[in-house]
Each structure stands twice: as C-alpha cells, then as structure tokens.
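# Chain and residue survey
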Amino acid sequence: MQTKRTIFPNKGLPWLLIGPQLIVTAIFFLWPSAQAIWTSFRREDPFGLNTTFVGLANYTRLFDSGEWVAAAGRTAVFAVSVTALSMISALVLALAANRVLRGSRFYTTLLVWPYAVAPVVAGVLWWFLFNPTIGLLPYMLSGFGISWNHRVNGGQAMTLIVIAAAWKHVSYNFLFFLAALQSVPKSLIEAAAIDGAGPFQRMRDIVLPLISPTTFFLLIVNINYAMFDTFAIIDATTSGGPAGATNILVYKVYADGFLGLNLGSSSAQSVVLMLIVVALTFVQFRYVERKVQY
Amino acid sequence: MTRHLIGALLATAALSGPALAQTEVQWWHAMGGELGAKLEQIAASFNETQADYKIVPVYKGSYPETLTAAIAAFRAKEQPAIVQVFEVGTGTMMAAKGAVYPVYKLMADQGKSFDTSEYLGPVVGYYSDPEGNVLSLPFNSSTPIMYYNKDVFAKAGLDPEIAPKTWAEVEAFSQKIVDSGAAKCGFTSGWISWVQLENLSAIHDAAYGTRENGFAGLDTEFTFNGDVQVKHWDNLKKWADAGLFQYGGPVGGNDAPPKFYTQECAIYMNSSASRAGVINNAKDFQVGFAPLPYYDDMIAEPKNSIIGGATLWVLNGRKDAEYKGVAAFFDYLSSAEVQADWHQATGYLPITNATYDLGMTQGYYAANPGSDVAIQQITRGTPSVNSKGLRFGNLTQVRDVIDSEFEALLGGQKTAKAALDSAVTRGNAILRDFEAANK
C-alpha cells in the first residue's frame, strides 16, 4: 500500500489539527486512567475523608481471592458465547436478506431496530420476559416441564444475559455483514457456479474469504462489546446474581466500587481490565490478522 | 409564535421570582410507591405551613442506591442537606465524622428542642453514639412481620383467624395449603438478610457478631453461623425444594410482593411498612397480620425483633440558611400529628410515645386490627445484648454477600452450614477493611 504524506508549510498547523483529539484523549482517557492507577495503590473510606497508601495490597488480594479469578473465567465464557451467537445469527440473517429481491430495505430496517433500543431498556424488556414470577417465558416454559428461575439457577441466568447481550448486537453485525456480502462480485460467484461449485462450496471458498476482513473487524468489536459494553444489560436483568453467576469483570468493577464503595480494589480491577484490553488487541492484530486476506 | 413563547417565558420568570427568595433544602430519599406519595405529601404540607424554606424531596432509588448516590455526591461536593439512610448504613455514616452534621448538635445550634427520651428505646438506641447522643433523626422505622391470606387459609381447611406461631406450624400450614391446592406456595419473604438472618438471630437471642453485635467497637466479628441460623437455612432449602417456600430475589426481594398479591404464596414476611402496599394490592382477599414465627424448641420466650427502615442524616458543607430550614423541618416531622399520620398511612412504627398515645386516643388500633403487631413485637420482653440491634460498618456489602451465599444454598452448590460459614468469612474480611479504613 502507498503511504500518503502531506507536507505542511509550518509546524503549528499540524499541532492545531490534532490538538482537539489530543485534548479529548487527555481529558477522557489519560487523566482518568492515571487517577485509577493512583487510587489502586490506596485504601480510602467511602466519603474520601482519609486515605492510606497500601502499595500493591489491592492487587495481591485480587489474585488471592478466588472470586476475581472466577469472574475472569465467567467473562471468558460470556464473551465467547455472545460473540459466537450474535455473529452467527447476524451472518445467517444477512445471507437471507441478501437473497431477498423485493422489500429488502423493509427487512433491513426491522433487523436494525434492536440496535436503537437503549441497553437499559433492552435489559428491562428481557427482565420482564424472563421474570420467574410475572414473566411470559417462564410461564410458557413451565408448560414444557422446564422450571425457569434465573434468580436461583446460575446457568439460566448466564443464558439469559448471553441472549440479551447477543440480541442487542445482532443488528450491528448484520449491517456490516450485509454490506460485505453486497460487495462480493457477482461475477465471481457466477463463474464458480459455472465451474460446478455448489452453494456450500461457493460459500466456503469464495464468500467467506472475501468477507473475512469484515469478520475479523466484527470479531474484535464483538469481544470488546461483550466484555465492556454489556454493563447496562446485566445491571437491569440479573445484577450479577445469583451467587455471582453473572458477575463478569466489568460488572464487578462497578459492584465493588459503586455499591461496595471499595474504591481501591475497584480501581485495581479497572487497571487489570485495561491491561487485558491492551493484551487482547495486541494478540488479535499480531496473530489473527495475518491469516486474513484483504 | 415566538412572541407568545417569549411572553410565556417572561410570565414564568415573573411568577418564579418570589419563590427564589425561599431557601431550598434538598432531601434525598428512597421511598417509592405508596410510601413515596405519602412522603411527598408531608414535604408539601410543611412547605405550606411556612414561607421561608422549601423542602425538595428527590427520589434516588433503593436504599443502597440512595446511600451510594449521597456518598458520590459528597465526594463531588454536590451533597444534599438531608439524606435518608437505611439502618444498615448507620455504621458507615457514624464512622464518617467529617461528613455528618449530627442531629443533636444541629438542633442545639438552631435552638430547637429535641427530646430523645420521647422516642422508643429500641429505635433511639440503634442510632446513638457511645455517649448517648442521637446522630440522625429517626423517621421511618419498621420491623418485619408476617402477612397471610385468610381466604387461602380457609380454602385449605385452616382457621383463617389463627396464624402460624412457630416455624413448625409454618411448615405444617404450608404443606396443607400446597397439598390442598389452595395456593401454589406456602410462604415467601422479602429481605432474606434482614428477616431470615438478622431478625431470626435477634428473636432467638443468638449473637450476630461479637462485641455486642458491633456496638462495643470496630474489632467485631460475625457469628451468625450458629445452630439456630444453620437449622433455619437448612429448613429454608428443604422447604424451597418441596415447593413450600419461594425465594423473592436478592436485597429487598422484589419478586416477593407480587407472589403474595397474586395469591401464589399464602404467607409473606416483610417489613411492617409493606402494610400500605399490601392493603392496596390485596383487593380480592382478606389479609391477616401476625408476629414472625420462631422455633419453640430453640427458645421458649422469643425476644423482640429488631428495627429496619431509615433515619434522616444531615450532611456537612451546605449553607447555614439551609440548616435553619432543616431544623425547622425536623421539628415539624417530630410532632405527634405528623408522625401518627405517617405511621398510620404506611405501617411504619410509631417511633415516639406521643405518637402511639395519639393513635390510641384516636381509636386507630382498635379500628385496624393487626396494625399494632409490629409495635407489640418490637417492644416485647427485655432486649438482650443480641436483640438490641446491629452496628457493623459496610453492612450493605455484607448483606450482598449473604444474598449470594443464600442463592448458592438454594442452587444446591452449598449446604446451609457451608454457605453461612463462607458468609461469615467473607463478611469478616469486609469488617476488617472497614476497621482499617476508619482507624
């Protein structure tokens, strides 16, 4: 690829142009991060009236307690399930919408709808649907002899938040997949068909490789979404329960910091989360991207 | 159109002019539903009695949410003058000396009388510092009681006028109710931590923690994994599996009230302040009121139950004019008439003797059978060290731990003993944190 290089007549202009971005980054990322790191070495009472420096105590306690490790495991299960579920169903829907000739815009609009729903509202909707006492689905499931109570059953609670979080993100994935599918040249597919490739083979050997940049991009976005952006849904449906079964890392930061008022530990957890993001992004770009054909 | 708009704006500005001369006092509270409506009404009637101050009640969500919102606001220097804090937040608030303006001091500074001897012993004792000073204004105190569906009792062949007294009877009655098909479940409960552990311990005179349940110092440890608690949680698990008991969810147990209102569960244990909601929602059936059950093989004479509910705390860092308003408002709130109105409308305890006497002379208790169950239960016998209340820092978090261990018990991951042992261990770690942070 060619690199474009613009030569500026003086040194002030480029600084002026990137200035706003730098300021935004400094205020909304660098400063809070620095504060989180600083707080993670301290112990504070809730009102912030007296603080003591405790060194790495907040971190060592984190890794010594089985709770945090368990939450990390749960987060992995959750992120993988949400990513798989939302990407596969979005791809299937995009393939279907791509084949529709008449009214495809109508279907597209309908499919994009969930993305416009605020996460908390989505959470409340699912909360109502699955509420063990007043919900519609538990009532219907009991007809099949399934007793649904995610207040007690951790597996069911996890299923619930995976469905809710995946549902919310299907639209986003759908849009990208649809655009990618539409940019696959028809001539290639027709040529393959003439050469005798069946629908499955055309899909495997032509379509999937051609949309792989989109798939790769969505993979990163979805894992990040599941790990960091599902807070509102969890808060509105299960609040991390029962017995911590849906208490994933990002929710734990909130629960320990804002409900538990243990700011030191909460900050230590956010710092660890930050490191996880950095590592994850690095691994993804370093190793996964090599296998993707642009 | 634009001209009309400007006209309207000017008119609004002119109208709101005089209102600006009033001192506004923010009051953050956690009362939703029927309770919230009544609270707003009390604030409005205070605002009508005088023109200098305007109390502005702001609903901030559940009790834990209100407390954390107030703390966050304090850190951001945006705190309200008055915040309603539930009883488990008491330890946290008392330790926050720089943040709190103690009520006894506020009233003295503003020249208002504040006679704490007028208040019920169990209430005022809960909120006093070791020197006997009352740090926050008792406002809504409650204690858990038992509600039951008389119609379902009759349908199951039970005498609707006889409530179960002991847990053995609760089990037998529930079994009969479920077997006869009168209801799907025997009983449910709000606030597992408060009702089925804290009050259970107090009623059976079992220590919840060392150092007089935390009253004697911060170096306290939990002891709620004793015989009676393990036995009870064992039973709850057994009853849940048999379909006699249904879990209503963590913290306050939001799913419990609908289970009772829809007649799915025949018995419901929750705060006496659920009375307003129960009466409002129990349109199709008769409700009975009774004290909480106890194990007659563990204790012959059950002790008093302990309080819940909340008090009003005053936060530092507001203007002096606002504190004048706070004092005037607290004076108004403490009057027997306002207290009696609040108590009778909501089911909260009559917290002063004058309130109870006023209710007696009005004939309220005679006209509303069951409305004095709570006050009888909390004042019965002589309070022991184990039944005078709890004073632990970070108790909100400990309750979360208890909820999650209870869920692990119901989910079959742990036995009652293991769940309570683990709750004690995790709870003690939280207490040590609090001790270290408040040395």
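Residues numbered from 1 in each chain as written. Chains lettered and ligands numbered in written order. Predicted model: local features only at pLDDT ≥ 70, side-chain atom pairs only at ≥ 80, totals over all residues.

Per an unreviewed UniProt entry, chain B goes by sn-glycerol-3-phosphate-binding periplasmic protein UgpB and derives from Gemmobacter megaterium. Under the UniProt heading Subcellular location (unreviewed entry), the note attached to chain B is "Periplasm". If you open the UniProt record of chain B and go to Subunit (unreviewed entry), you find "The complex is composed of two ATP-binding proteins (UgpC), two transmembrane proteins (UgpA and UgpE) and a solute-binding protein (UgpB)." (UniProt positions renumbered as here; feature names shortened; annotations may be inferred.)

Per an unreviewed UniProt entry, chain A carries the name sn-glycerol-3-phosphate transport system permease protein UgpA and comes from Gemmobacter megaterium. We quote the UniProt Subunit (unreviewed entry) comment for chain A here in full: "The complex is composed of two ATP-binding proteins (UgpC), two transmembrane proteins (UgpA and UgpE) and a solute-binding protein (UgpB)."

Turning to the overall build of chain B, a few remarks are in order. A tally of helices and strands in chain B yields 20 helices and eleven strands. Relative to the globule expectation of 22 Å for 439 residues, the C-alpha radius of gyration of chain B, 23 Å, shows essentially globular dimensions. In terms of principal-axis extent, the alpha carbons of chain B reach across some 70 × 55 × 50 Å. Across the 439 residues that make up chain B, the buried fraction comes to 51%. (Helix = DSSP H or I, 4+ residues; strand = E, 2+ residues; numbered from the N terminus. Rg over C-alpha atoms; globule rule 2.2 N^0.38 Å. Buried ≥ 20, exposed ≤ 12 C-beta atoms within 10 Å, placed from the backbone.)

Bringing the overall build of chain A into the picture now. Summing up its helical and strand segments, chain A has 13 helices and two strands in all. Across its three principal directions, the C-alpha atoms of chain A cover 75 × 75 × 30 Å. Out of the 294 residues belonging to chain A, those deemed buried represent 31%. Here the analysis covers contacts within chain A between residues at least 6 apart in sequence; of these, 68% occur between residues at least 24 apart. (Contact = placed C-beta atoms within 7 Å.)

The next thing to look at is the domain arrangement of chain B. Residues and elements named next belong to chain B. Once the domains are mapped, chain B shows domain 1 (2–142 + 307–362) and domain 2 (144–305 + 390–437). Taken residue by residue, the interface counts 22 residues in domain 1 and 20 residues in domain 2. Those elements that provide at least two residues to the side of domain 1 that touches domain 2 are α2 (33–49), α3 (63–75), α4 (90–95), β5 (137–142), β11 (308–315) and α15 (336–346). Take the side of domain 1 that touches domain 2: its biggest share by element is four residues, from α4. Classifying every residue of the side of domain 1 that touches domain 2 gives nine nonpolar, twelve polar and one charged. (Domains from an automatic or database assignment. Nonpolar A, V, L, I, M, F, W, Y, C, P; charged D, E, K, R; others polar.)

Moving on, we come to the interface of chain B and chain A. In this assembly, 27 residues from chain B lie in contact with 23 residues from chain A. Going through the elements one at a time, α3, α4, α12 (256–261), α19 (395–410) and α20 (416–437) of chain B are the ones with two or more residues in the side of chain B that touches chain A. Of the residues belonging to the side of chain B that touches chain A, the class tally is 13 nonpolar, nine polar and five charged.

We now examine the packing of α19(B) against α20(B). Residue and element names in this part refer to chain B. One way to put it is that α19 packs onto α20 with a least axis distance of 9 Å and a crossing angle of 160°. One finds that α19 runs roughly antiparallel with respect to α20. When you trace α19 past α20, the crossing you get is right-handed. The residues of α20 that touch α19, namely those facing Gln397, Val398, Val401, Ile402, Glu405, Phe406, Ala408 and Leu409, are Ala416, Ala419, Ser422, Ala423, Arg426, Gly427 and Ile430. In the contact of α19 with α20, the residues fall into ten nonpolar, three polar and two charged. (Axes fitted to C-alpha atoms, helices over the stretch in contact; angles between N-to-C directions. Parallel < 35°, antiparallel > 145°, perpendicular 65-115°, else oblique. Left-handed = near helix turned anticlockwise from the far one by under 90°.)

Attention shifts here to the pairing of strand β1 (residues 23–29) of chain B. All names here are of chain B. Relative to strand β2 (residues 53–59), β1 runs parallel, the two sharing seven bridges. Opposite glutamine 26, over in β2, you have valine 56 as the bridge partner. For the crossover from β1 across α2 to β2, the handedness is right-handed. Both β1 and strand β3 (residues 82–86) contribute to a ladder of two bridges, which runs parallel. (Pairing = 2+ DSSP bridges. Right-handed = clockwise from strand over helix to strand, strands pointing away.)

The next subject is the nonpolar core. Of all hydrophobic cores here, the largest spans 170 residues; its most connected members are B:Phe187, B:Ala266, B:Val314 and B:Val326. It is helix α7 (residues 154–182) of chain A that provides the largest number of residues to this core, a total of twelve residues. Looking at which domains feed residues into this core, each of domain 1 (2–142 + 307–362) and domain 2 (144–305 + 390–437) of chain B gives three or more. For B:Val314, the contacting residues outside a window of four places in its chain are B:Ala81, B:Ile82, B:Val100, B:Tyr101, B:Val103, B:Leu106 and B:Val326. (Core = buried A, V, L, I, M, F, W, Y, C linked by C-beta atoms within 7 Å.)

Right, let's talk about unusual backbone geometry for a bit. Residues and elements named next belong to chain B. One non-glycine residue, aspartate 205, adopts positive backbone phi at about 55°. Structurally, the position occupied by aspartate 205 is in the loop between α9 (192–203) and α10 (210–213). Looking at aspartate 205, the number of C-beta atoms within 10 Å reads 19, which means it is partly exposed. Residue asparagine 394 is not a glycine yet carries a positive backbone phi of 55°.

Residues and elements named next belong to chain B. If you walk across this open sheet you meet the five strands as β8-β7-β9-β6-β10, and the pairing is mixed. The open sheet has two edge strands with one neighbour each: β8 (245–247) and β10 (287–290). The average undirected angle you get between the axes of adjacent strands in this sheet is 25°. Note that strand β7 (residues 185–189) and β8 share three bridges and pair parallel. Across the sheet, residue serine 189 finds its bridge partner in β8, namely tyrosine 247.

This part is about helix α6 (residues 136–143) of chain A. A small share of α6(A) lies buried, amounting to zero of its eight residues. Remark: A:Gly145 follows α6(A) within two positions and exhibits a positive phi of approximately 80°.

To continue, consider helix α14 (residues 320–333) of chain B. Helical geometry: 3.6 residues make up each α-helical turn, so side chains three or four residues apart lie on a common side. Spanning 14 residues, α14(B) covers 20 Å between terminal C-alpha atoms, matching the ideal 20 Å at 1.5 Å per step. Among the residues making up α14(B), those that are buried are B:Gly325, B:Val326, B:Ala327, B:Phe329 and B:Phe330. (Expected span 1.5 Å × (residues − 1).)

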